[in-house]
Amino acid sequence: MAIDFSGMLDDSDEEVIHPREVFFTLDREPRFSFPRDIQTEVMNRWFDNRDQPDNIIKLNVGSGKTLVGLLLLQSSINEGKGPALYVAPDKQLSQQIINEAKALRIEVTDDPRDADYAAGEKICVVNVYKLFNGKSVFGVGASKINIGTVVIDDAHACVSTITDQFRIILGNTKEAYKKIFQTLSEDLISYNRATFLDLQAGDPRAYLEVPFWSWDAHQNDILKALHESRLDDELQFTYPLLKDILPQCRCMIGGQYLEIEPYFPATDLIQSFRRAKRRIYMTATLADDSVITTHFGANPKKIENPIVPTSSQSMGERMILMPQELNSDLTVADVRALLVELAEKVNVVVIVPSEPAAEGWKNDADQILMGEDVVDGIETLRNGHVGLTVLINRYDGIDLPADACRVLVVSDLPEVSSYADLIDSEVLSGTAVNLQRQVERIEQGMGRGVRSNDDYCVVLLLGAKLIGRLRSREGQEMLTPATKAQLDLSRKIAKQLSTPSIDEIRNVIQQCLDRDTNWIRVSKKVLVGIKADEELRLDSGKIALRAAFDQARSNQHKEALSILDKAIDETEDVQVKALLLARKAAFQHAIDADGAQQTLIAAHKMEPRVTKPLHGLAYKKLAPATGQQAASLIANHNDRFLDPTDMKLFADSLCSDLRFTPETSEKFEAAVNDLAWFLGISGQRPEKLYRDGPDNLWALPNGTFLVIECKNGVTAGDGIAKKDAGQLGQSMAWFAERYPASTAVPVMIHPERKLGQAASSVNGMRVIDCKELKKLCKNLKAFAQQLTDPDIAGIPSKVAQRLAQFELNADAFVNAFSGATKP
């Protein structure tokens, strides 16, 4: 007869609560024999620290994070700290977690309403969308479903999703957009008439942040417009999260759509998350831990250093190559042809920052994935050979293990995905804060192809700007130790190759793919002994902004200002200080409108790209660089470039941006400004900085100015439009008012030189058309190549000779690269 063993269980026995001991009580599959050393170490340290409300655990990919997370939750259940919730970045990863739990014989459910979850008998596994949304089953504002212990897996990957969930996006055809635009129109006209007209015309390139005083003044009408459309698809999951914190939100209006979002996601609105006894954030080692506070609401004073194994973490093998660093003459087309060839035998995945960036891969890609298509496309890769796959703006939250990806390409710098990020990145351009954001995204992308310690992948990095960021001193310091070691190894490869051809680079890649034993030994050796950084890295400016945001939500505006004043005093970076001052002005407006404007004036003097004050703003004149053009050029280059390769890559990146392409006006105008700097010429972007004047202004060393309007996004065929010619005329009038004693040449960058119907030429007008722009880029590249010679680059007389040779000096530039208009 069968024996009833249940009667032998002693109800008085204590529950097993140490996660490692929990592991050995499970009727798990045979592949789970023992926890790894690093898993045991993490579990021990967490167990000793488990009653901290917020714990950060950093484990590299392939170190078994999922198993650790599940055991910590089961331990918490056994200790009576349930219900236990496991949060993954997306549906695909949540399913992987469920599968692993089943293999461990841990009881799980994907339904938060499951009674066994509430009773602490099952772990609930959900994706981050399920927890943070305006209709969250866990409750918004009031708890509906309790959480005792929660694991946020891949926390940095969850951040972008959470930010999206707290962002309202309304297309210009929606009724709420029309009402909000109409409500704000009068203020927008007085703030920036030119941009308002572009917005009114639906120009996809136009965008503008609504000034905080205008946003504050129209709160009732804006709230009413959103409330009336609250059941629309665009609002039903976001409006409930923002309706009570609308005064602490920003509004960015574009020609095609508007965005409304808070300064930070108010995740504490999900009360059950805020009240959880234990919150555990699992992530790979990254440079900035601030998101744990800014996006998840953890108290920075109560977060201890991350739990990181003291022993070296196992990590997969990556051969990281920068083809354009190895040979600066190689083009993207050369590398693309190589990838197409490799894709015949292995899966190649290319991550690009945007849809326009994906266009160049369209003819060669077997699948291009973005949005909802990503999950199915990744599954196809996991199931067999596909060829070449292009992922659009997906740097995190996806797994491409083993044969799903053997060659991974990160192409070009990651781009921001919202108006708010775009505006902030412009203010912070060139700062460590901006660089850190870019480096983190690049590293996240690079990590997609190696998902376990026995996995391997070739990683190629493309794009002059991307390579320049990683090669910079500051960028190097922000890399994780493992990535830094693997990049150092790639430089040793570079020294052996010495300006390799594309065929030689293919041969090196093949050594990794063919599992060359010496390569395997070398690649694993560089990772031996590497330990993750245990330091907690919190950005004091971001932490202060989050604290001020929370105080403002509670109508404690004086306290918010006090917090920001302290952060402003402690900040040395002028651009970061300007951003903090601009934020202070927004919070200050509620209790001192005049004082807020004075604060904004102070911010604008430091960095003109912050919100323009209502009054008191003085234009800062542009002066020609002192001394000779060649000497200015040399000084500029010595300050910025590490070596000749860095300089040449910068010139290449300028040429890649100086193209007639729709919806790239920001890149193009920035490149025109950078070109002036590169050539030793003083440049300015008046329209960008002061919301008035031309797109670009150059002060040539010979005393002449160039007043430049950029029309790189217009379609050739209809000539120069009357509106565009008129705009150049207005810019010349602007110049005459501010520089009455100076001479200027009106310059338009346009695909063609002929005037369109009813358009009139501006007196002295010159046009840089397609042909001339190509000539300019050709000469610039040739000039940069000359400067790679150290016997030329540091000698003003020789640099001046090359400037004249390639017609890039002040005296020759206008006639060399532009022509008069044609009727």
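All of these numbers come straight from a predicted model, not from anything done at the bench.

Below, the discussion takes up a negative patch on the surface. A contiguous patch of negative charge on the surface is contributed by Glu372, Asp373, Asp376 and Glu379. Mapped onto the fold, Glu379 is located in helix H18 (residues 373–383). A relative accessible area of 36% means that Glu379 is categorised as partly exposed.

The next thing to look at is the sheet that holds strand S4 (residues 123–127). Sheet architecture is open: six strands sit in the order S1-S10-S5-S2-S4-S3, paired in parallel fashion. The open sheet is flanked by strand S1 (54–58) and strand S3 (108–109), the only strands paired with a single partner. Note that S3 and S4 share two bridges and pair parallel. Opposite Thr109, over in S4, you have Cys124 as the bridge partner. Its contacts with the sheet place helix H3 (residues 65–78) against S1, strand S2 (84–88), S4, strand S5 (149–153) and strand S10 (278–283), and it is angled at close to 160° to S2. Strands in contact with helix H4 (residues 91–104) are S2, S3, S4 and S5; relative to S4, the strand with the most contacts, it is inclined by about 160°.

What you tend to see is this: most non-glycine residues have negative phi, and most peptide bonds are trans. The linkage connecting Gly82 with the following residue, Pro83, adopts the cis geometry, with an omega of -5°. Note on placement: Pro83 falls in the loop between H3 and S2. Its identity is not glycine, yet Arg105 carries a phi of approximately 65°, on the positive side. As for its placement among the helices and strands, Arg105 is situated in the loop between H4 and S3. Although it is not a glycine, Asp412 sits at a positive phi angle of roughly 70°. Note that Asp412 resides in the loop between strand S15 (407–411) and helix H19 (419–427). Note on Asp412: relative accessible area 33%, which makes it partly exposed.

To continue, consider the environment of Phe660. Along the chain, Phe660 falls in the loop between helix H31 (644–657) and helix H32 (665–678). According to the relative accessible area criterion, Phe660 is partly exposed, its value standing at 22%. Leaving out residues up to four positions away in the same chain, Phe660 has contacts with Lys711, Asn712, Ile749, His750, Pro751, Ile768, Asp769, Cys770 and Leu773.

Time to look at the environment of Tyr419. Along the chain, Tyr419 turns up in helix H19. Linking Tyr419 and Glu259, residues 160 residues apart in sequence, is a C-alpha distance of 7.2 Å. Once residues within four sequence positions are removed from consideration, Tyr419 is found in contact with Ala206, Tyr207, Met252, Ile253, Gly254, Gly255, Tyr257 and Glu259.

Applying the stated criterion to the full structure yields zero disulfides. With no disulfide of its own, Cys710 lies 13 Å from the sulfur of Cys777, the closest cysteine sulfur. You can call Cys710 buried: its relative accessible area is 6%.

Of all six residues making up strand S8 (residues 249–254), six are buried, and the element is well covered by its neighbours. Burial along S8 is two-sided: Cys249, Cys251 and Ile253 and Arg250, Met252 and Gly254, pointing in opposite directions, are all buried. Across three bridges, strand S7 (residues 207–209) lies against S8 in antiparallel orientation. Following the sheet pairing, Glu209 is matched in S8 by Met252. In the sheet, S8 pairs with strand S9 (residues 257–262) via five bridges, with the strands oriented antiparallel.

This part takes up the pattern of salt bridges. Tallying each qualifying case throughout the model produces 46 salt bridges. The partner of Lys65 in a salt bridge is Asp153, and the shortest N-O contact between them spans 3.9 Å. Here Asp153 lies in strand S5 and Lys65 lies in helix H3, a separation of 88 residues in the sequence. The burial state of Lys65 is the same as that of Asp153; both residues are buried. Salt bridges linked by common partners bring Glu426, Glu666, Glu669, Arg685 and Lys688 together as one network.

Reading guide: rules and limits
- Residues numbered from 1 in each chain as written.
- Predicted model: local features only at pLDDT ≥ 70, side-chain atom pairs only at ≥ 80, totals over all residues.
- Heavy atoms only, no water.
- Patch = residues over 30% accessible without salt bridge, like charges linked within 9 Å, V, L, I, M, F, W, Y side chains within 5 Å.
- Areas by Shrake-Rupley, 256 points an atom, 1.4 Å probe, with all protein chains shown as cover.
- Salt bridge = Lys/Arg side-chain N within 4 Å of Asp/Glu carboxyl O.
- Lys, Arg positive; Asp, Glu negative; His and termini not counted.
- Charge placed at Lys NZ, Arg CZ, Asp CG, Glu CD.
- Helix = DSSP H or I, 4+ residues; strand = E, 2+ residues; numbered from the N terminus.
- Buried < 20%, exposed > 50% of the residue type's maximum accessible area, 1.4 Å probe, protein only.
- Pairing = 2+ DSSP bridges.
- Contact = heavy atoms within 4.5 Å.
- Axes fitted to C-alpha atoms, helices over the stretch in contact; angles between N-to-C directions.
- Disulfide = S-S within 2.5 Å.

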